[in-house]
Every structure is written in structure tokens, then in C-alpha cells.
Amino acid sequence: MLKMILTGLFTSILFYSASLLLYLLDILNAPVFLSVLFLGGVIQSILFIIVLICQYRMLTRLLGSSLLVLVFLTAYEFPLLFYLSAPSYVTASYFAPEEVVEGSGIYSVGVQETRYKKGTSKKYITELMKDEGNEILSITQIDNQIIYGVKNRQLLSWLHLTGEHTPKEMVETVQSYLGTEEDWVATLNRPNTGGDSAGLSLVLSGLYKKGKLDNQLPIAVSAGIDKHGNATKVNSIKEKLQIIEQAGIHVAIMSKKNRDDALKFQKELNSKVEVFFVDDVQDAQRTIEEINKN
């Protein structure tokens, strides 16, 4: 009995994996990928009913376990239909670092992201940005692998199994940590400028405003925070290093979870920005104190 069940599980997973691979390689689009899974489920359902009527117990167990797994996997992939209108390209361009609390010297670093609808060519985007006087820091083609990653992270977010926050959630976390709901905290609730990467800079700005942090130098900060004040990993490190340098800021603070990426891109860009990596808010405070002393 166990052998038949395991065989059924293996059969479904193999069929699903082959279909998923074709999708990730952009050979199948989302509707076709889901249709293949659905059709596989329909065929298995018909076979299951036939063997059930004929009372073939061994085959019933095999097809039953296989069908259950395939139904679950199809349901897991169903949200891909919500991404049919995903853009064809996303560009990252310069967005000036912001000193949210005047005089603090703490600058939040975001990236201006622009999404282009399907059918827009890379050449057109490049020429358009040039005509508008915007320097493209990076341009990313949105393929099935990227869409699939976004879908999975969204599902994990719904289940509260990921540390990533939307800008709104980031603001709520900062307000909870600082114990304040002042309007200035919500100024960086902007989905198109770097997600939750302003979390640590907002907390440090809040501590400066409360008189708990002294800083006399311009410092760029790019890291999220969780409810315990730990510095979390953020995206677009390469673009942010370019923005910090273009803004004339020589010192930056980032999460230790971004250390490898930051060091790699510093070398690639020959960046002169000195980056300090921190674990949490307290570590960032100590680092700022040391920077000012030196």
C-alpha cells in the first residue's frame, strides 16, 4: 500500500516538475502552464473514477494519492493568473536620498522604479529615459522566473512566513518601535522607491528627533527593520551604491545581511563609499557615534 502511494506521489511531482521547468524557461506562459496541470488533473480524475468503479484497489491508491498532490500543486500555482499584466521591463533610476528629519544627517536611500507594459521594447525605454534626462541605473526584463519568485514571496507574505514588508507595513513597524505615529514617519510609504529599505533610517531619524542620537555627518542608511529592531536585508544594493555616490555622500550604513552583495558591487563599481554593516538599531547607533568620533 505504501509503495503504491509513494509511486503516485512521485508520478505527480515528476509531471509537475517537468511542466514547471518549461514555464520557468519561458517555453510555456502562465495560462498554458496552469492548463497543463489542470488537464493532467482531469485525466487522472477520469482514470481514478474508472479504477474505482472496477474496484482495482492498488491502482485506486496510486491514482488517488497522485490526484491529491496534483490538485494541491495546481492550487499553489493558481495565483500566477494574477500576474498576467506584469510589466515587460522595470528600470531603476536616480532618486535623491532624503533627510526625513531636518538636521539629522540621516538620509534614506530609495530607487526610482518605473514599470513598462508588455510589448514595450528595451530600445524604446532607453531612448525615452534619455530624452527625459533620466540616467538608467539598471533595466530588468521581467521573465517567468522573476514573476514566479514574486508570486512565491507574496504567498509567504500572506502566511506571515517572510521578513519582507510593504512600505505601509514598514511604516507601521517603525511607528511601533518608536512608539509614535507622527506624520513624518509615513513620508516614505512609497511602493516605487525601494520597498521597506527606509525602516532603519526612519528609526534613527526618530531617535535623533527624540534627542537619543547625535550625528554631525551626512550618512546614507539603507536597511529594513523587524519589530525587534533587527536590521533586515533589502534589495537594489548596486543601484543604491551608485545613488549614494552620485549624491556626494561618503558614508553608508547597511544590514550585515547585505554585506556580501555590497562588497561585490563596491568592487564592481569601484565605489568610494565607505559602508558600515550593522546587526540592529543599537549597533547602528554605536556605529554612528564611532563615525562621528573619527
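We now turn to the structure provided with this report. (Residues numbered from 1 in each chain as written. Predicted model: local features only at pLDDT ≥ 70, side-chain atom pairs only at ≥ 80, totals over all residues. Heavy atoms only, no water.)

1. Here we look at the overall build of the protein chain
Here is step 1: In terms of regular secondary structure, the protein chain is built from 10 helices and 10 strands.
Here is step 2: When the backbone C-alpha atoms are referred to their principal axes, the protein chain occupies close to 80 × 45 × 35 Å.
Here is step 3: Across the 294 residues of the protein chain, 44% fall into the buried class.
Here is step 4: Taking the intrachain contacts of the protein chain between residues at least 6 apart in sequence as the baseline, contacts between residues at least 24 apart amount to 71%.
Here is step 5: Accessible surface for the protein chain amounts to roughly 16,300 Å². Of this, 58% is attributable to carbon and sulfur atoms.
Here is step 6: One way to put it: in the protein chain the 28 positive side-chain charges average out to a point 9 Å from where the 31 negative ones average out. (Helix = DSSP H or I, 4+ residues; strand = E, 2+ residues; numbered from the N terminus. Buried < 20%, exposed > 50% of the residue type's maximum accessible area, 1.4 Å probe, protein only. Contact = heavy atoms within 4.5 Å. Areas by Shrake-Rupley, 256 points an atom, 1.4 Å probe, with all protein chains shown as cover. Lys, Arg positive; Asp, Glu negative; His and termini not counted. Charge placed at Lys NZ, Arg CZ, Asp CG, Glu CD.)

2. Focus on the sheet that holds strand β1 (residues 89-93)
Here is step 1: Across the sheet, 3 strands lie side by side as β4-β1-β5; this open sheet has antiparallel pairing. Edge positions in the sheet fall to β4 (112-116) and β5 (136-141), since each of these pairs with one other strand and no more. For this sheet, the mean angle separating the axes of adjacent strands, direction not counted, is 20 degrees.
Here is step 2: With 5 bridges connecting them, β1 and β4 associate as antiparallel partners. The residue of β4 that forms the bridge with Ala92 is Glu113. (Pairing = 2+ DSSP bridges. Axes fitted to C-alpha atoms, helices over the stretch in contact; angles between N-to-C directions.)

3. Some points on the pairing of strand β10 (residues 274-278)
Here is step 1: Relative to β10, strand β9 (residues 251-255) runs parallel, the two being bridged by 5 bridges. Bridge assignment links Ile253 to a residue of β10, and that residue is Phe276.
Here is step 2: The parallel pair β9 and β10 is bridged by helix α9 (residues 259-269), and the resulting crossover is right-handed. (Right-handed = clockwise from strand over helix to strand, strands pointing away.)

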